[in-house]
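# Analysis of the macromolecular model
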Amino acid sequence: MSQITIAIDGYAGTGKSSTAKAVAKALGYTYIDTGAMYRAVTMYLLDHNIPFEDNSPALLAALDQIHLDFRPGKQVGDLEIYLNDAPAEPAIRDPRISKAVSPVAALTAVRNLMVAQQRRIGEHGGVVMDGRDIGTYVFPHADLKVFMTASVDIRTQRRQAELALSGIDPGFEEIQANLQERDKIDSTRAMAPLKQASDAVLIDSSGISFEEQVKTVIQLAESRIQQNNLPPQ
Ligand code: DC
């Protein structure tokens, strides 16, 4: 049985990561959180006072010093991101990173480096990758593309509950302002902006449960896997 590539893109706080993780677990695939990669780069740049200036010598030298990899996490099948051999979670979820990550993700030098690594990780299939440009740019030929959306109030509530688990509570207003600001920057940047691929399946998760959302994606994946394994006509 060949393993397919699944791209899950969408707006901030739509539940892409938790959906992608659950789908990967059900299929026995690898889950890759590409947002975590941009967050880890942002943390390095902030911690080393590197200005967010595209292709500047300081930025290029800093990117040379950054090594990202994914290693097995606490739960079986989970992968966690490491920045230069140290676990980057949960520090990369802090509001100071959420505020700075979209400008960093708009830098072409950063994107080129991240996309090259993402393509290497996913080149043999068997991955569920979530992000903003997976179906449009990283894997334009992905077997299954899903684009997730939800109302901004629902997204804010969900993000607030998620942050609370790590003991972080910047407040509803601040979380909502950050989600909206990031969506705006992510959708309007020059390189690989956030948008729905023409062949992506749209899922609006506002009115459906997490379980339904996961079930829908698994069913779509199973039908693509079946199609891929049909003998050629
Ligand atoms: O998925 P997330 O909210 O943790 O992502 C953080 C930021 O990283 C997001 O606002 C934009 C950027 N990002 C991106 O530009 N491309 C991706 N494939 C994934 C994330």
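Residues numbered from 1 in each chain as written. Predicted model: local features only at pLDDT ≥ 70, side-chain atom pairs only at ≥ 80, totals over all residues. Heavy atoms only, no water.

This brings us to the site of the ligand. Within the structure, the ligand sits among 16 residues, and Arg 39, Arg 111, Arg 182, Asp 186 and Arg 189 are positioned closest to it. Between the ligand and Thr 34, the relevant distance is 3.0 Å, taken from a nitrogen atom to a side-chain nitrogen or oxygen of the residue. At a separation of 3.0 Å, an oxygen atom of the ligand approaches a polar side-chain atom of Arg 132. About the coverage of the ligand: the protein hides 98% of its 450 Å² of free accessible area. Taken together, the elements giving at least two residues each to the shell around the ligand come down to helix 2 (34–47), helix 4 (95–105) and helix 8 (172–188). The dominant element in the shell around the ligand, judged by the number of residues it contributes, is helix 2, at four residues. (Near = heavy atom within 4 Å. Polar contact = N/O pair within 3.5 Å; in protein donor to acceptor, adjacent residues only side chain to side chain. Areas by Shrake-Rupley, 256 points an atom, 1.4 Å probe, with all protein chains shown as cover. Helix = DSSP H or I, 4+ residues; strand = E, 2+ residues; numbered from the N terminus.)

Another aspect to go through is the nonpolar core. The biggest cluster of nonpolar side chains holds 35 residues, and the ones touching the most others in it are Val 41, Leu 45, Leu 68, Ile 81, Leu 83 and Val 110. For this core, the secondary-structure elements that each account for two or more residues are helix 2, helix 3 (57–64), strand 3 (68–72), strand 4 (79–83), helix 4, helix 5 (108–122) and helix 6 (134–138). The biggest single contributor to this core is helix 2, with eight residues. The residues touching Leu 45, leaving out its near neighbours within four places in the chain, are Ile 50, Phe 52, Leu 59, Ala 62 and Val 104. (Core = buried A, V, L, I, M, F, W, Y, C linked by side-chain atoms within 4.5 Å. Buried < 20%, exposed > 50% of the residue type's maximum accessible area, 1.4 Å probe, protein only. Contact = heavy atoms within 4.5 Å.)

Taken together, the three strands give an open sheet; going across it, the order is 3-4-5, and neighbouring strands pair in antiparallel fashion. Looking at strand neighbours, the two that pair on one side only are strand 3 and strand 5 (86–87), the edges of this open sheet. Across two bridges, the pairing between strand 4 and strand 5 is antiparallel. Paired with Tyr 82 across the bridge in strand 5 is Pro 87. (Pairing = 2+ DSSP bridges.)

Attention now goes to the pairing of strand 4. Sheet topology places strand 3 next to strand 4; five bridges connect them, and they run antiparallel. Bridge assignment links Pro 72 to a residue of strand 4, and that residue is Leu 79. In this antiparallel pair of consecutive strands, strand 3 and strand 4, the connection spans six residues, and Gly 77 shows a positive phi of 85°. Adjacent in sequence and paired antiparallel, strand 4 and strand 5 are bridged by two residues, among which Asn 84 carries a positive phi angle near 45°.

The next subject is the side chain of Lys 145. You can see Lys 145 is positioned in strand 7 (residues 144–149). At 2.9 Å, the side chain of Lys 145 and the backbone oxygen of Gly 135 are in polar contact. Of the polar contacts made by the side chain of Lys 145, one reaches the side chain of Asp 199; its length is 3.0 Å.

Their axes nearest at 11 Å, the elements helix 2 and helix 5 cross at an angle of 140°. Comparing their axes, helix 5 and helix 2 come out oblique. Here helix 2 and helix 5 pass one another in a crossing that is right-handed. On helix 5, the residues touching Thr 34, Met 37, Tyr 38 and Val 41 of helix 2 are Val 110, Arg 111, Met 114, Val 115, Gln 117 and Gln 118. For the contact of helix 2 with helix 5, the residue count by class is six nonpolar, three polar and one charged. (Axes fitted to C-alpha atoms, helices over the stretch in contact; angles between N-to-C directions. Parallel < 35°, antiparallel > 145°, perpendicular 65-115°, else oblique. Left-handed = near helix turned anticlockwise from the far one by under 90°. Nonpolar A, V, L, I, M, F, W, Y, C, P; charged D, E, K, R; others polar.)

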